[in-house]
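These are the residues of each chain, in order.
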Amino acid sequence: RHNVAVTAAIGVASKKDQWYVTVPPGKRLRLILSQQAITPGFRATATVFDAAGNRVGGMGAGNQVFTLEPGVYLIQVSDAGYAKRGTYKLTARIV
């Protein structure tokens, strides 16, 4: 998949949602992440991993563009401390 747009919940504090995207040659990955706390202090975090499982980037709520090698990447969304609950909206676009 080249683009992902999801709205989901971290209903159990230790939950991690995962999404895959493919970055073609000459393109970059833009992530847009917003959050709404269910438990005060919830901080949605998106972490990007390459196909080998290496962490290659990460961000909190906001908008960020990642320059990556072509390939398949895993985007993992969770609470920053794995201790709070909330909802989030993640948009991943190839730009």
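How each quantity is defined
- Residues numbered from 1 in each chain as written.
- Predicted model: local features only at pLDDT ≥ 70, side-chain atom pairs only at ≥ 80, totals over all residues.
- Heavy atoms only, no water.
- Helix = DSSP H or I, 4+ residues; strand = E, 2+ residues; numbered from the N terminus.
- Rg over C-alpha atoms; globule rule 2.2 N^0.38 Å.
- Contact = heavy atoms within 4.5 Å.
- Areas by Shrake-Rupley, 256 points an atom, 1.4 Å probe, with all protein chains shown as cover.
- Lys, Arg positive; Asp, Glu negative; His and termini not counted.
- Charge placed at Lys NZ, Arg CZ, Asp CG, Glu CD.
- Pairing = 2+ DSSP bridges.
- Axes fitted to C-alpha atoms, helices over the stretch in contact; angles between N-to-C directions.
- Salt bridge = Lys/Arg side-chain N within 4 Å of Asp/Glu carboxyl O.
- Core = buried A, V, L, I, M, F, W, Y, C linked by side-chain atoms within 4.5 Å.
- Buried < 20%, exposed > 50% of the residue type's maximum accessible area, 1.4 Å probe, protein only.
- Polar contact = N/O pair within 3.5 Å; in protein donor to acceptor, adjacent residues only side chain to side chain.

## Some thoughts on the overall build of the protein
Then step 1. Helices and strands together make up the secondary structure of the protein, namely zero helices and eight strands.
Then step 2. Reading the secondary structure of the protein in the N-to-C direction produces β-β-β-β-β-β-β-β.
Then step 3. Taking 2.2 N^0.38 as the reference for a compact globule, 95 residues should give roughly 12 Å; the C-alpha atoms of the protein span a radius of gyration of 13 Å, in line with that estimate.
Then step 4. In the protein, the share of contacts with a sequence separation of at least 24, taken over all contacts with a separation of at least 6, comes to 74%.
Then step 5. Summing over all exposed atoms, the protein offers an accessible surface of approximately 5100 Å²; the carbon and sulfur share of this is 50%.
Then step 6. Mean positive and mean negative side-chain charge positions of the protein (12 and 4 charges, respectively) differ by 9 Å.

## Digging into the sheet that holds strand β5 (residues 55-59)
Then step 1. Read from one edge of the open sheet, four strands run β2-β7-β4-β5, paired in antiparallel fashion. What marks the edges here is a single partner per strand, and that holds for β2 (17-23) and β5. The average undirected angle you get between the axes of adjacent strands in this sheet is 25°.
Then step 2. As paired strands, strand β4 (residues 44-49) and β5 are joined by four bridges and run antiparallel to one another. Residue pairing in the sheet places Val48 in a bridge with Gly57 of β5.

## Here we look at the sheet that holds strand β1 (residues 4-10)
Then step 1. Ordered by their spatial adjacency, four strands build an open sheet running β1-β8-β3-β6, and the pairing between neighbours is antiparallel. Edge positions in the sheet fall to β1 and β6 (62-66), since each has one partner strand and no second. Taking the axes of each pair of neighbouring strands and ignoring which way they run, one obtains an average angle of 15° across the sheet.
Then step 2. With five bridges joining them, strand β3 (residues 29-37) and β6 adopt antiparallel strand pairing.

## Considering the pattern of salt bridges
Then step 1. This structure, assessed with the given rule, holds one salt bridge.
Then step 2. The salt bridge partner of Lys15 is Asp17, with a shortest N-O separation of 3.2 Å.

## Points about the nonpolar core
Then step 1. Grouped together as the largest cluster of nonpolar side chains are 22 residues, with contacts concentrated most on Leu29, Leu31, Leu33, Ile75, Tyr88 and Leu90.
Then step 2. Counting residues per element, the ones that place at least two in this core are β1, β2, β3, β4, β7 (71-79) and β8 (86-94).
Then step 3. The dominant element in this core, judged by the number of residues it contributes, is β1, at four residues.
Then step 4. Contacts of Leu33, omitting those with residues within four sequence positions, involve Ala44, Thr45, Ala46, Met59, Gly60, Ala61, Gly62, Val77, Tyr88, Lys89 and Leu90.

## Considerations on the environment of Tyr73
Then step 1. Structurally, the position occupied by Tyr73 is in strand β7.
Then step 2. Along the primary structure Tyr73 and Val56 are separated by 17 residues, whereas in three dimensions their C-alpha atoms are 9.2 Å apart.
Then step 3. Contact partners of Tyr73, with chain neighbours within four places excluded, come to Trp19, Tyr20, Val21, Val23, Val48, Phe49, Asp50, Val56 and Leu68.
Then step 4. Reaching out from Tyr73, the side chain makes a polar contact with the backbone oxygen of Glu69 at a distance of 2.6 Å.

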